[in-house]
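Examination of the molecular architecture
Here is what each chain is made of, one letter per residue.
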Amino acid sequence: MANRMKSSINKIDGSVADITDRKQEESELRYSEERHRLVVETATDAVISIDDSGAILFANHAAMRIFGYDPTELIGKPLTILMPEYMRKLHENGFGRYLATGQRHINWQGTELTALRKNGQEFPVEISFGELIRGGHKVFTGFIRDTSERKQAENKLRASERTLRELTETIPQMLWSAAADGAIDYCNQRVLDYTGLSAEQVQGAGWMKTVHQDDVDKMARAWSATVSSGQPFQHEFRCLRAEDRTYRWCISRALPLRDESGRIIKWFGTVVDLHDWKEAQQALQMTQAELARVSRLTTMGELAASIAHEVNQPLTAVTNNGSACLRLLANHNLDPEVLRRALEEIVADGTRASAVIARIRAFIKKAPAERTELDINEVIQEVLTLAGHELHKNQILVECQFTRTLPLVRADRVQLQQVLLNLIINGIEAMIGVAVRPRALSLESRVDESGNVLVAIRDSGTGLGPEADRLFTTFFTTKAHGMGMGLAISRSLIEGQGGRLWATANSPNGAVFWFTLPAAGENPS
Ligand code: ADP
């Protein structure tokens, strides 16, 4: 009895356990289905299941958003409803053939197709399909992603790349780019037209073939120094132009493109043909130099009387000394010591006269400008010697305030003399009419606050007057026989050496002309 009871209890226990297991299984299944449903419903891609006849079994929420149908509207409808007409045939062939033969003809993962919205609008999609067997039937589930926005962005990017490429190819400028290591990786059509090289030939260091052999080493060194330093590139070189097989001066410039960490990822550069500009520049410089020389000759003409006096003085002394010696010789009274002194003076005076002539010849000689390191105080002294007689003749008091420890300037000596002489003669001319106060010319040299050498020439003349701002204009003159070239030429000469020239009123009377020149150390060119 007890055993029977025991076995019944065991049976009951068993069925209770069965029920509990089943319930747990069911609840797990429900939980898992619920989870899957949640995933499918919240997915941003359309999820659509179809049976083996192509009829829609299920469509998620996103399918509605993407295709514009209510999910219930789609159930039972053929999948082809979501395709444009021309795609339907393709689908029938691919999918239908698969159902009939089991052979896949299309890639079911990530295939790009065109889909159709309910409103008739076609749009690009990317689809992935999977299949499973349910109740002996195949069920296909597709994940469909609307790629319209991505495609639009891609198209936009492609269009902007195309525009950029068209721009670089049509711009009337030679453009190139290089990899971070300096190897050329692109040259636009202008470069190819100019050099006659093909797109392949210019790659790497191929473009070097067009550089004049005297410039190749310098250019290669400059480019590799730029690539290793990351500094902007600028270099002038002669490039062989294919059109007429001539070497022409060009300038190439480039800047690096860096990533966020500052690493160079690319170089972008231009090439400009400067040949015509350079030739015009040279012609202009020659004309300016010629004009400056004519102006010097004119000044010398004005100073002719002073120069004659300057040369005459030592010549007179030579003649006097010679005559005295002859007289003493005739009287048999020539002491060798007296003769020695007289001859020494003759030599010294002869040297003085020839120095004056040499200075004048150097001043009017046709010679190309040559920059050397100069002591400006020394140059001022030389010019004061040239103008010495003129100053003396017009009773002008000269005062020099030189800073002895001035840095040297890098300039052309004759050009500097010309500027100083112009300014001094102008000062003299402005004081000639002044009779009521002393005529004083003061020359000062010092270093200004920027470290440049500054020269000031002050006079006590008539002053600048109402037309002060026109002084430096070519042909402006207030003098009866003036040419109005002196100040214009002086300014261009000073600016040509990297300096500035300007004028202010002097106190209480007269004018001050100032000019600066960079100290030699700061202007090594
Ligand atoms: P030019 O001496 O042949 O007139 P410049 O170019 O040297 O030509 O000078 C132009 C004009 O500037 C002069 O005619 C004069 O009016 C004025 N000028 C130049 N220097 C002085 C000065 N130190 N004081 C007053 N005016 C001056």
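Residue indices follow the written sequence of each chain, beginning from 1 at its first position. Where local features are concerned, this predicted model is filtered to residues with pLDDT of at least 70; where side-chain atom pairs are given and counted, the filter is 80 or more; whole-chain, interface and lining totals use all residues. Calculation of side-chain values draws on the structure's entire complement of heavy atoms; hydrogens and water are dropped beforehand.

**Regarding the nonpolar core**
Definition in use: What is meant by a nonpolar core is a set of buried Ala, Val, Leu, Ile, Met, Phe, Trp, Tyr and Cys residues, joined one to another through side-chain atoms within 4.5 Å. Here's how the labels work: a residue is buried when its accessible area is under 20% of the maximum for its type, exposed when over 50%, partly exposed in between, all with a 1.4 Å probe on protein chains only.
By size, the foremost hydrophobic cluster in this structure holds 51 residues, and its most contacted members are Ile376, Leu416, Leu421, Ile424 and Phe515. Membership of the second largest hydrophobic core comes to 24 residues, among which are Trp176, Val191, Val211 and Phe237.

**Things to note about a nonpolar patch on the surface**
Which entries qualify depends on this criterion: Patch building starts from residues that exceed 30% relative accessible area and form no salt bridge, then joins like charges within 9 Å and nonpolar side chains (Val, Leu, Ile, Met, Phe, Trp, Tyr) within 5 Å. The accessible surface values rely on the Shrake-Rupley method and a 1.4 Å probe; as for residues, cover is taken only from the protein chains in view. The salt bridge criterion pairs a side-chain nitrogen of Lys or Arg with a carboxyl oxygen of Asp or Glu, the two atoms within 4 Å. Helix and strand labels come from DSSP, where a helix needs a run of H or I of at least four residues and a strand needs a run of E of at least two; each type is numbered from the N terminus.
A surface patch of nonpolar side chains, about 260 Å² in accessible area, is lined by Leu257, Ile265 and Phe268. Within the secondary structure, leucine 257 sits in strand E9 (residues 246–258). Using a relative accessible area of 39% as the deciding quantity, one classes leucine 257 as partly exposed.

**What to know about the packing of aromatic side chains**
Spelled out, the test is: Pairing of aromatic side chains requires ring centres within 6.5 Å, counting the rings of Phe and Tyr and the six-membered ring of Trp. Pairs whose planes differ by under 30 degrees are stacked, by over 60 edge-to-face, and all others tilted. Whether a charge lies above a ring is judged from NZ of Lys or CZ of Arg, which has to be within 6 Å of the ring centre and within 35 degrees of the ring normal.
Scanning the model with the defined rule gives 6 aromatic pairs in all. Both rings, one in tryptophan 223 and one in phenylalanine 233, keep their centres 5.0 Å apart while their planes meet at 70°; by these two values the pair is edge-to-face. Taken as a pair, tryptophan 223 in helix H7 (residues 213–229) and phenylalanine 233 in strand E8 (residues 233–241) lie far apart in primary sequence, 10 residues in all. Of the two residues examined, tryptophan 223 and phenylalanine 233, each falls in the buried class. Put simply, the rings of Trp176, Trp223, Phe233 and Trp267 pair up and form one aromatic cluster. In this structure, lysine 278 packs its charged tip against the face of tryptophan 249, placed 5.1 Å from the ring centre. The lysine or arginine in question, arginine 296, covers the ring of phenylalanine 363, its NZ or CZ lying 5.9 Å from the ring centre.

**Details of the state of the cysteines**
Counted only if it meets this: Two cysteine sulfurs form what is called a disulfide whenever their separation falls within 2.5 Å.
Inspection of every chain in the model, using the stated rule, returns 0 disulfides. Not part of a disulfide, cysteine 187 finds its nearest cysteine sulfur in cysteine 239, a span of 10 Å.

**Side note on the side chain of arginine 439**
Defined as follows: Neither His nor the chain termini are counted; the positive set is Lys and Arg, and the negative set is Asp and Glu. Two N or O atoms count as a polar contact when they lie within 3.5 Å, although within protein this holds only if one can serve as hydrogen donor and the other as acceptor, and sequence-adjacent residues are included solely when both atoms are side-chain atoms. The contact criterion used throughout is that any non-hydrogen atoms of two residues lie within 4.5 Å.
Along the chain, arginine 439 falls in the loop between helix H13 (413–432) and strand E14 (440–447). Nearest to the buried, unbridged arginine 439 among oppositely charged side chains is glutamate 390, at 10 Å. Here the side chain of arginine 439 touches isoleucine 432 through a polar contact of 2.8 Å, landing on its backbone oxygen. In terms of polar contacts, arginine 439 uses its side chain to reach the backbone carbonyl oxygen of valine 434, at 3.0 Å. With near-sequence residues (within four places) excluded, arginine 439 lies in contact with Asn394, Gln395, Ile396, Leu397, Met431, Ile432, Val434 and Ser460.

**Details of the site of the ligand**
Condition: Any residue with a heavy atom lying within 4 Å of a molecule or strand is counted as near it. Here a cavity means grid points, on a 1 Å grid over the protein atoms only, where a 1.4 Å probe fits yet cannot get out; a pocket means an open set of points with protein on both sides within 12 Å along at least five of seven lines; lining residues are those with an atom within 4 Å of a point. Assignment of a molecule to a cavity or pocket requires that more than half of its atoms lie within 2 Å of the corresponding grid points. Residues are sorted three ways: Asp, Glu, Lys and Arg are charged, Ala, Val, Leu, Ile, Met, Phe, Trp, Tyr, Cys and Pro are nonpolar, and all the rest, Gly among them, are polar.
Around the ligand, 18 residues are found, and the nearest of them are Thr477, Thr478, Lys479, Met483 and Leu487. A distance of 2.9 Å separates a nitrogen atom of the ligand from a polar side-chain atom of aspartate 459. A total of 540 Å² of accessible area belongs to the ligand in isolation, and the protein chains cover 92% of it. Among the detected pockets, the ligand sits in the second largest pocket. Taken together, the elements giving at least two residues each to the shell around the ligand come down to H13, helix H14 (486–496) and strand E17 (511–517). The leading source of residues in the shell around the ligand is H13, at 3 residues. Tallied by class, residues from the shell around the ligand come to 8 nonpolar, 8 polar and 2 charged.

**Observations concerning the sheet that holds strand E7 (residues 184–187)**
Quick note on the threshold: Pairing between strands is defined by DSSP: at least two bridges between the two strands are required. To obtain each axis, a line is fitted to C-alpha atoms, and for helices this fit is confined to the stretch in contact; angles are then taken between N-to-C directions over 0 to 180 degrees.
Strand order across the open sheet formed by 5 strands is E7-E6-E10-E9-E8, with antiparallel pairing between neighbours. Whereas interior strands pair on both sides, the edge strands pair on one side only; in this sheet they are E7 and E8. When strand polarity is set aside, the average angle formed by the axes of neighbouring strands in this sheet is 30°. By the bridge criterion, 9 bridges tie E9 to strand E10 (residues 264–273) in an arrangement that is antiparallel. Counted as the bridge partner of serine 252 is valine 271 from E10. Sitting on the sheet, helix H8 (residues 275–302) touches E8, E9 and E10, and the angle it makes with E9 is about 115°.

**As for the layout of surface pockets**
Heads up, the condition is: Grid points are joined across faces, edges and corners, and a volume is the space filled by probe spheres set on the points.
In this model, the largest pocket occupies a volume close to 1,100 Å³. In terms of lining residues, the largest pocket is bounded by 35 residues, among which Gln285, Ala289, Ala369, Gln415 and Leu493 are the most central. Looking at the lining of the largest pocket, the elements that each hand over two or more residues are H8, helix H10 (336–364), strand E11 (371–374), H13 and H14. Residue composition of the lining of the largest pocket, grouped by class: 14 nonpolar, 11 polar and 10 charged. As for the second largest pocket, its lining consists of 32 residues, of which Asn426, Glu429, Thr477, Lys479 and Leu487 are closest to the centre. Elements that contribute at least two residues to the lining of the second largest pocket include exactly H8, H13, H14 and E17.

**Notes on empty space enclosed by the protein**
This model, assessed by the stated rule, comprises 2 cavities of 30 Å³ or more. In this structure, the largest cavity occupies an estimated 210 Å³ of space. What lines the largest cavity is a set of 17 residues, and nearest its centre among them are Trp176, Val191, Trp207, Phe237 and Val271. Among the elements of the structure, strand E6 (174–179), E7, helix H6 (189–195), H7 and E8 are those that each provide at least two residues to the lining of the largest cavity. Taken together, the residues of the lining of the largest cavity break down into 14 nonpolar, 3 polar and no charged. Estimated volume of the second largest cavity: approximately 40 Å³. Contributing to the lining of the second largest cavity are Ile307, Glu310, Val356, Arg359, Ile360, Thr385 and Leu386.

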